[in-house]
Amino acid sequence: NSNLIISPVIKIFSINSSHKNLGNRSYKRTYEGALKVDFKVLDVTKATIKTVISKKAKYKTSKVVYHQTGSTSTKEEAFRSMVEKVSKLGATAIFESAAAKFAMMSDETSLLVSMRKGNFIFLNKGRNGDVIVGEEYELLQSHGTLRDPRTGKVIGVAEVPLGRIRIIQVNQRNSIAKPIGQLLDTAKEGDVVRKVSGH
């Protein structure tokens, strides 16, 4: 989406080093660092923050040297590795968040739960979404992303069927449904609603 930009903001950044005299003019140098970054996803058309994903990483490494100052190559390598780790974690989290969202809401016509009040379930579409009184729908709840166990790649969203609902009232831009029997869990805002074939 060209209307979205990612703005990384460093929240925690620290680098420390210490040394321990081992005798015989040798020292044990220890390098430690921490980095936490907030990845803000901004909607430039609305000047709003869509979401914030925080990721962090640490490193601690030691090296025996034969003079107190020692080489800085070990510290620099560890620092670069830490930065790369946080960057990859942030990018992966943003991608997974987007994949989960678009898998659930593939287009703007998706029928979703707006709210629940008692036994009534309010949906985000009505006559403008061709919803009809008496139609039956399946209620689905997302439980995170699915990964291929071999590659680790995101392959979809874990959607759990909660049961069926029936439309009892249709307005121009929203509709109301009631459960058909007992639902496996309480309907929540954002749950997906799909029409049952043949109804």
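Structure shown above.
So, a few notes on the structure that sits alongside this text. (Residues numbered from 1 in each chain as written. Predicted model: local features only at pLDDT ≥ 70, side-chain atom pairs only at ≥ 80, totals over all residues. Heavy atoms only, no water.)

### Re the overall build of the protein chain
(1) Moving on: The helix and strand tally for the protein chain stands at one helix and nine strands.
(2) Moving on: Along its sequence from the N terminus, the protein chain presents helices and strands in the succession β-β-β-α-β-β-β-β-β-β.
(3) Moving on: Classification of the 199 residues of the protein chain by burial places 30% in the buried group.
(4) Moving on: Long-range pairs, those at least 24 residues apart, make up 61% of the contacts in the protein chain with a sequence separation of at least 6.
(5) Moving on: For the protein chain, the exposed area adds up to about 12800 Å²; of that, 51% sits on carbon and sulfur atoms. (Helix = DSSP H or I, 4+ residues; strand = E, 2+ residues; numbered from the N terminus. Buried < 20%, exposed > 50% of the residue type's maximum accessible area, 1.4 Å probe, protein only. Contact = heavy atoms within 4.5 Å. Areas by Shrake-Rupley, 256 points an atom, 1.4 Å probe, with all protein chains shown as cover.)

### Describing the pattern of salt bridges
(1) Moving on: Enumeration over the complete set of coordinates arrives at six salt bridges.
(2) Moving on: Here R166 makes a salt bridge to E136, at a shortest N to O gap of 2.8 Å. Of this pair, R166 sits in strand β7 (residues 154–170) while E136 sits in strand β6 (residues 136–147), placing them 30 residues apart in sequence.
(3) Moving on: In this structure, K188 and D185 form a salt bridge, with 3.6 Å as the shortest nitrogen-oxygen distance.
(4) Moving on: For K188, a relative accessible area of 40% gives the class partly exposed. (Salt bridge = Lys/Arg side-chain N within 4 Å of Asp/Glu carboxyl O.)

### Some points on the sheet that holds β7
(1) Moving on: Spatial strand order, β4-β5-β8-β7-β6-β9: six strands in a closed barrel with antiparallel pairing. The sheet shows a mean angle of 50° between the axes of neighbouring strands, direction not considered.
(2) Moving on: Taken together, the six bridges between β7 and strand β8 (residues 175–180) define a ladder with antiparallel strand orientation. From the neighbouring strand, R164 faces β8, where its bridge partner is I180. (Pairing = 2+ DSSP bridges. Axes fitted to C-alpha atoms, helices over the stretch in contact; angles between N-to-C directions.)

### Section: the side chain of Q141
(1) Moving on: Tracing the chain through its elements places Q141 in strand β6.
(2) Moving on: For Q141, a relative accessible area of 5% corresponds to the buried category.
(3) Moving on: A polar atom in the side chain of Q141 sits 3.2 Å from the backbone oxygen of T186.
(4) Moving on: In terms of polar contacts, Q141 uses its side chain to reach the side chain of D191, at 3.0 Å.
(5) Moving on: Apart from residues no more than four positions distant in its own chain, Q141 is found in contact with A158, E159, V160, L162, D185, T186, K188 and D191. (Polar contact = N/O pair within 3.5 Å; in protein donor to acceptor, adjacent residues only side chain to side chain.)

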